[in-house]
Protein chains: 2
Amino acid sequence: MTIETISEARAHGGTQGVYRHNSAATGTPMTFSLYLPPQAEHGPVPLVWYLSGLTCTHANVTDKGEYRAACAELGLAFIAPDTSPRGDDVPDDPDGAWDFGLGAGFYVDATQAPFDRNYRMWSYVTEELPALIAKRFPVDMARQAITGHSMGGHGALTVALRHPDRFKSVSAFAPIVAPGQVPWGEKALGGYLGTDRAAWRRHDAAALIEDGARLPELLVDQGDADNFLKEQLRPELLRAACDAAGIPLTLRMQPGYDHSYYFIATFMADHLRWHAERLR
Amino acid sequence: MTIETISEARAHGGTQGVYRHNSAATGTPMTFSLYLPPQAEHGPVPLVWYLSGLTCTHANVTDKGEYRAACAELGLAFIAPDTSPRGDDVPDDPDGAWDFGLGAGFYVDATQAPFDRNYRMWSYVTEELPALIAKRFPVDMARQAITGHSMGGHGALTVALRHPDRFKSVSAFAPIVAPGQVPWGEKALGGYLGTDRAAWRRHDAAALIEDGARLPELLVDQGDADNFLKEQLRPELLRAACDAAGIPLTLRMQPGYDHSYYFIATFMADHLRWHAERLR
């Protein structure tokens, strides 16, 4: 499998790259960004996955995430995949809405036509892309962590809950924690997976925990001025599931912060330090 | 004079704002961003000016500059003006080139029609905007610093050289140091100021120093993999002028870095610390 280099630039002593490859999972070209810290020149380094939110590509966190200084200090690689397949032939939301279709893959393998052909982001981020990265870059796949924002927080939580041995640590920024109970999730899971809500539970962090999935611990930051807090994000549902399951959840409500990358960038270094401690 | 708030968001404990106002200098609406650190809640804080490069608006450094963490730590406000007047009625480069006209004001007051009507960025950044900021925000105008990138490095150097009592410290990222001797500068100064090269010297850092302008010291970072290094930036001309004038110049050639915001963001915190020491 070949990887095309879109760009590589020196940044904070390491290299920020953007790459493209033809994905077997999605049937489309897929673009991702990967930061390698200076330590990667001397051998494999731990890898932090960052899954992005609705409307985003790899570029949002790459431009605005302010992760490179901390990754360079801590010796962490940082990978940011795209959020959906893209291309003229890829079906989109029939009304062109931003919360479904392009930019809104929700980290599932769709079972419903016409989305089942390309919208296979679960397979892409859990199988195809990790295999590609492991082969091509100096990363230590025995030391992986995962985080994400909003829809990507949902992705990080569900991927980690279903791969309990893969990640040393898990965190999220303003995640969708119970998609089966909120409008964004109901639209996406219904559209991609169909109306049988039983099939949704494997893509719903709160439901996965209720159904027995476990994490050793979890860090979540959430702005209390986030416009999506009460209707879409509902961290209290994660709190209830974690409490019932005995999962230690550090849920920090951050006063005055909204849903933007200003919020993410503010707490990014904290999260990376938290991951680095667990990746040692 | 009224200022319209485009957006305000909590970031690194302070507030990142974007604002718009009708400029008397340019005759157009002008947008700028201003970060206020947490310390500004308790009283006026020092102000760092950042002048941006060709093609940029306030948004490039606001998104990619990675200045907020250091500003919050050091108690610095950070202002980023636009790089030119904008609007359907504002004349642009006749060929639509990106190195003249919109996004390329070069921090001069144009004397040549049709640009003399709107392209008055010198007056805007040295007079109108400082007065507006002083009136509206909790900044200490007795403690100002200035920096900038590329065309904005040229702006920072020339503004500082011609206002020796205004700024406690001056730095630049990959600045155009001698516009009268390089293609970008010859096009811009010729187009805005006319063919009489004597008029250019007041907008040329190397020439200003040759003509007697002084700074107490100067910090410049320059990537050695910068595509524009040899033809447009030519830091050796600044080195020669500073050496002849006895101006202490710290010129750091940074190996492997290009002209992008990855370079700027890498050294931004260094520059802010350097300014903060001199703003105490």
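This is a predicted model, so every value here is computed, not measured.

A. Representation of the overall build of chain A. Tallying secondary structure elements over chain A gives nine helices and nine strands in all. Whereas a compact globule of 280 residues would reach a radius of gyration of roughly 19 Å, chain A reaches 17 Å, a difference of no more than 12%. Taking the principal axes of the C-alpha coordinates as reference, chain A spans close to 50 × 40 × 35 Å. The contacts in chain A between residues at least 6 apart in sequence include a share of 72% that link residues at least 24 apart.

B. The arrangement of the UniProt feature "active site" (unreviewed entry) in chain A in detail. Residue and element names in this part refer to chain A. In the numbering adopted here, UniProt assigns the feature "active site" (unreviewed entry) to Ser150, Asp226 and His259. Spatially, the listed residues are clustered: although they cover 110 residues, their C-alpha atoms lie within 10.8 Å of one another. Mapped onto the fold, serine 150 is located in the loop between strand 6 (139-148) and helix 4 (151-161). Setting aside chain neighbours within four positions, we find serine 150 in contact with Gly53, Phe173, Ala174, Pro175, Ile176, Trp184, Leu233 and His259.

C. Structural context of the environment of Gly223(B). Residues and elements named next belong to chain B. If you trace the backbone, glycine 223 turns up in strand 8 (residues 218-223). Separated by 16 residues in the primary sequence, glycine 223 and arginine 239 have C-alpha atoms spaced 15 Å apart. For glycine 223, the contacting residues outside a window of four places in its chain are Leu229, Met253, Gln254, Tyr257 and Phe263.

D. Focus on the sheet that holds strand 6 (residues 139-148) of chain B. Residue and element names in this part refer to chain B. Ordered in space as 1-2-3-5-4-6-7-8-9, the nine strands form an open sheet in which the pairing is mixed. Here the strands that pair on one side only, and so sit at the sheet edges, are strand 1 (4-11) and strand 9 (249-254). Recorded for the sheet is a direction-independent mean angle of 20° between the axes of neighbouring strands. Where strand 4 (residues 45-51) meets strand 6, six bridges bridge the pair, whose relative direction is parallel.

E. The side chain of Arg68(A), seen in detail. As for its placement among the helices and strands, Arg68(A) is situated in helix 2 (residues 68-74). Within the structure, the side chain of Arg68(A) is placed 3.2 Å from the side chain of Tyr67(A), a separation counted as a polar contact. Once you skip the residues sitting within four places of it in the chain, Arg68(A) turns out to touch Ala11(A), His12(A), Gln16(A), Tyr35(A), Thr62(A), Asp63(A), Glu66(B) and Tyr262(B).

F. Fine view of helix 4 of chain A. A large share of helix 4 of chain A lies buried, amounting to eleven of its eleven residues. Of all the positions in helix 4 of chain A, only Met151(A), Gly152(A), Gly153(A), His154(A), Gly155(A), Ala156(A), Leu157(A), Thr158(A), Val159(A), Ala160(A) and Leu161(A) are classed as buried.

G. Structural detail: the relation of the copies chain B and chain A. Taken as rigid bodies, chain B and chain A are interconverted by a rotation of 180° and an axial shift of 0.0 Å, the fit giving an RMSD of 0.0 Å. The relationship between the two copies is best expressed as a two-fold rotation axis. Comparing interface residues between copies, 100% of those in chain B also sit at the interface in chain A, which points to an isologous, same-surface contact.

H. Structural view of the sheet that holds strand 4 (residues 45-51) of chain A. Residues and elements named next belong to chain A. What the nine strands build is an open sheet, ordered 1-2-3-5-4-6-7-8-9; its pairing is mixed. Single-partner strands in this sheet number two, and they are strand 1 (4-11) and strand 9 (249-254). Going across the sheet, the axis of each strand differs from the next one's by a mean of 20°, ignoring polarity.

I. Molecular detail of the pattern of salt bridges. Residues and elements named next belong to chain A. Scanning the model with the defined rule gives 36 salt bridges over all chains in all. As a salt-bridge pair, glutamate 41 and arginine 10 come within 3.6 Å of each other at their nearest N and O atoms. With glutamate 41 in the loop between strand 3 (29-36) and strand 4 and arginine 10 in strand 1, this residue pair connects regions lying 31 residues apart in the sequence. Its relative accessible area of 59% is what places glutamate 41 among the exposed residues. Taken together, the shared-partner salt bridges in this structure form one network comprising Asp93, Asp99 and Lys187.

J. How the structure looks around the interface of chain B and chain A. The interface of chain B with chain A comprises 19 residues on the first partner and 19 residues on the second. Roughly 1,700 Å² of surface becomes buried between chain B and chain A when both sides are summed, with 52% attributable to carbon and sulfur atoms. Taken as a group, Arg10(B), Glu66(B) and Tyr262(B) account for 39% of the area that chain B buries against chain A, more than any other trio of residues on that side. Remark: the boundary between chain B and chain A carries two salt bridges. Put simply, Glu66(A) and Arg68(B) hold a salt bridge, and the shortest N to O gap is 3.2 Å. Where chain B touches chain A, the interface holds nine residue pairs in polar contact (both at pLDDT 80 or more). Broken down by secondary-structure element, the contributors of at least two residues to the side of chain B that touches chain A are strand 1, helix 1 (58-64) and helix 9 (261-279) of chain B.

K. Main features of the pairing of strand 6 of chain A. Residues and elements named next belong to chain A. Counting buried residues in strand 6 gives seven out of ten residues, a clear majority hidden from the surface. In the sheet, strand 6 pairs with strand 7 (residues 167-173) via three bridges, with the strands oriented parallel. Paired with alanine 145 across the strands is serine 169, a residue of strand 7. Each parallel crossover has a hand, and the one from strand 6 via helix 4 to strand 7 is right-handed.

L. View of the confidence of the model for chain A. In the predicted model, chain A carries a mean pLDDT of 98, and the fraction of residues at 70 or more is 100%. Across the interfaces of the predicted complex, the ipTM metric reaches 0.95, alongside a pTM of 0.97.

M. Representation of the environment of Glu127(B) in the model. Following the sequence through the fold, Glu127(B) ends up in helix 3 (residues 121-136). Between the C-alpha atom of Glu127(B) and that of Val177(B), which follows or precedes it by 50 residues, the distance is 23 Å.

N. The arrangement of the side chain of Gln254(A) in detail. Residues and elements named next belong to chain A. As for its placement among the helices and strands, glutamine 254 is situated in strand 9. For glutamine 254, a relative accessible area of 12% puts it in the buried group. A polar side-chain atom of glutamine 254 sits 2.7 Å from a polar atom in the side chain of aspartate 221. For glutamine 254, the contacting residues outside a window of four places in its chain are Asp221, Gln222, Gly223, Asp224, Phe263 and Phe267.

O. Inspection of the environment of Pro175(B) at higher detail. Considering the arrangement of structural elements, one finds Pro175(B) in the loop between strand 7 (167-173) and helix 5 (183-193). Setting aside residues no more than four positions away along its own chain, Pro175(B) makes contact with Ser150(B), Gly153(B), His154(B), Leu157(B), Val220(B), Asp221(B), Gln222(B) and Leu233(B).

P. The packing of aromatic side chains, seen in detail. Residue and element names in this part refer to chain A. Going through the model one piece at a time under the given rule, you end up with 32 aromatic pairs over all chains. Feature note: the residues Tyr35, Tyr50, Tyr67 and Phe78 constitute an aromatic cluster, connected by ring pairs. Positioned above the aromatic ring of tryptophan 274, the side-chain terminus of arginine 278 is 4.0 Å from the ring centre.

Conventions we followed
Residues numbered from 1 in each chain as written. Chains lettered and ligands numbered in written order. Predicted model: local features only at pLDDT ≥ 70, side-chain atom pairs only at ≥ 80, totals over all residues. Heavy atoms only, no water. Helix = DSSP H or I, 4+ residues; strand = E, 2+ residues; numbered from the N terminus. Rg over C-alpha atoms; globule rule 2.2 N^0.38 Å. Contact = heavy atoms within 4.5 Å. UniProt positions renumbered as here; feature names shortened; annotations may be inferred. Pairing = 2+ DSSP bridges. Axes fitted to C-alpha atoms, helices over the stretch in contact; angles between N-to-C directions. Polar contact = N/O pair within 3.5 Å; in protein donor to acceptor, adjacent residues only side chain to side chain. Buried < 20%, exposed > 50% of the residue type's maximum accessible area, 1.4 Å probe, protein only. Least-squares fit on C-alpha atoms with pLDDT ≥ 70 in both. Salt bridge = Lys/Arg side-chain N within 4 Å of Asp/Glu carboxyl O. Buried area = accessible area lost by both parts, 1.4 Å probe. Right-handed = clockwise from strand over helix to strand, strands pointing away. pLDDT = per-residue confidence, 0-100. Phe/Tyr/Trp six-rings, centres within 6.5 Å; stacked < 30°, edge-to-face > 60°. Lys NZ or Arg CZ within 6 Å of the ring centre and 35° of its normal.

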